[in-house]
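# Inside the fold
One letter stands for each residue in the lines below.
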Amino acid sequence: MEAVLPSMKILDAMKDHLHQPVWINADILPGPGGNSRVGAREFLQIVTSFFPDVTLSLAWTTAWYPDRSNEGYSWEMVKEMEDICKNLSQPVTFPVRAPVVRQSWPQLQWLLQMSDRYSLTVWSGKDDIYPVEDLLYIREHSKEDQVFYDLFEPQKSQLKQAVKQKGQAK
């Protein structure tokens, strides 16, 4: 939290030079395997006082382990996030970890349905392992403008190729 106010002051001083959308991210809740986080209320108060129209990228802290079963985003987690975000007026994207996104789809789909301001940003850690089919499933069961991807190679190229192949099959 010590960095939020100074960062907003720097960004505010540069706002006349910004010609693209700005997304401001923080892990505000504990998520699958995660525990530490930034205080949601204080973070949102500071950010929105400087940038009332910025896209908020509000996430859960996570951990992922390749050698064991990893929990997904629970109903409690997504409902707590919705409770924090429901009265915001800005667009909100929820960064969700790729290896657990498919198993969490009912919860995440519910969250997306709570507001047309909501989207997901599916991200992966450098060493995360997950099938591209999981990403295709999410893509096929959501609106195109509701899901963004922030992936490492080779999954990024595999997803593009799979999408291209699906398009040719239609």
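Residues numbered from 1 in each chain as written. Predicted model: local features only at pLDDT ≥ 70, side-chain atom pairs only at ≥ 80, totals over all residues. Heavy atoms only, no water.

The following threshold applies: UniProt positions are given in the numbering used here, feature names are shortened, and annotations may be inferred rather than shown by experiment.
Per an unreviewed UniProt entry, the protein goes by the name Menorin-like domain-containing protein and belongs to Engystomops pustulosus. The protein has a UniProt comment under Sequence similarities (unreviewed entry) that states "Belongs to the menorin family."

## Brief notes about the pairing of strand β5 (residues 147-150)
To keep things clear, this is the line we draw: The pairing criterion is simple: DSSP has to find at least two bridges between the two strands. Secondary structure elements follow DSSP: runs of H or I no shorter than four residues count as helices, runs of E no shorter than two count as strands, and numbering proceeds from the N terminus. With strands facing away from the observer, any crossover in which the path from the first strand over the helix to the second runs clockwise is taken as right-handed.
Taken together, the four bridges between strand β4 (residues 118-123) and β5 define a ladder with parallel strand orientation. Bridged to W123 within β5 is D150. Between the parallel pair β4 and β5, the chain is carried across by helix α6 (residues 132-140), and the sense of this crossover is right-handed.

## What about the environment of D27?
Threshold: Under the scheme applied here, a residue whose accessible area is under 20% of the maximum for its type counts as buried, over 50% as exposed, and between as partly exposed, the area being computed with a 1.4 Å probe on protein chains only. By definition, residues are in contact when any of their heavy atoms lie within 4.5 Å.
Here D27 shows up in strand β1 (residues 23-30). Accessibility expressed as a relative area gives 31% for D27, which makes it partly exposed. When near neighbours in sequence (up to four residues on either side) are disregarded, D27 contacts R37, V38, A59, W60 and T61.

## Details of the sheet that holds β1
Stated precisely, the cut-off is as follows: Note on geometry: axes are C-alpha line fits, over the in-contact stretch for helices, and angles between N-to-C directions span 0 to 180 degrees.
Within the open sheet, the five strands sit side by side as β1-β2-β3-β4-β5. Their pairing is parallel. The sheet is open, and its two borders are formed by β1 and β5, each paired with just one other strand. Taken over all neighbouring pairs, the strand axes of this sheet differ in orientation by 30 degrees on average, direction set aside. Note that strand β2 (residues 55-61) and strand β3 (residues 92-97) share two bridges and pair parallel. By the bridge assignment, S57 is partnered in β3 with T93. Across the sheet, helix α3 (residues 75-85) lies against β1, β2, β3 and β4, angled at about 130 degrees from β1, the strand it touches most.

## Some thoughts on the UniProt feature "domain: Menorin-like" (unreviewed entry) in the protein
The sites that UniProt annotates as "domain: Menorin-like" (unreviewed entry) are residues 1-155. Summarising residues 1-155: 36% helix, 20% strand, and an end-to-end C-alpha distance of 33 Å.

## Looking at α3
What counts, and what does not: Starting at the helix axis, one direction is taken to each C-beta atom, and the arc is that of these directions.
Residues of α3 that are buried: M77, V78, M81, E82, I84 and C85. Buried residues of α3, seen end-on, are gathered within an arc of 160 degrees and therefore sit on one face of the element. Elements in contact with the buried residues of α3: β1, α2 (40-50), β2, β3, α5 (105-113) and β4.

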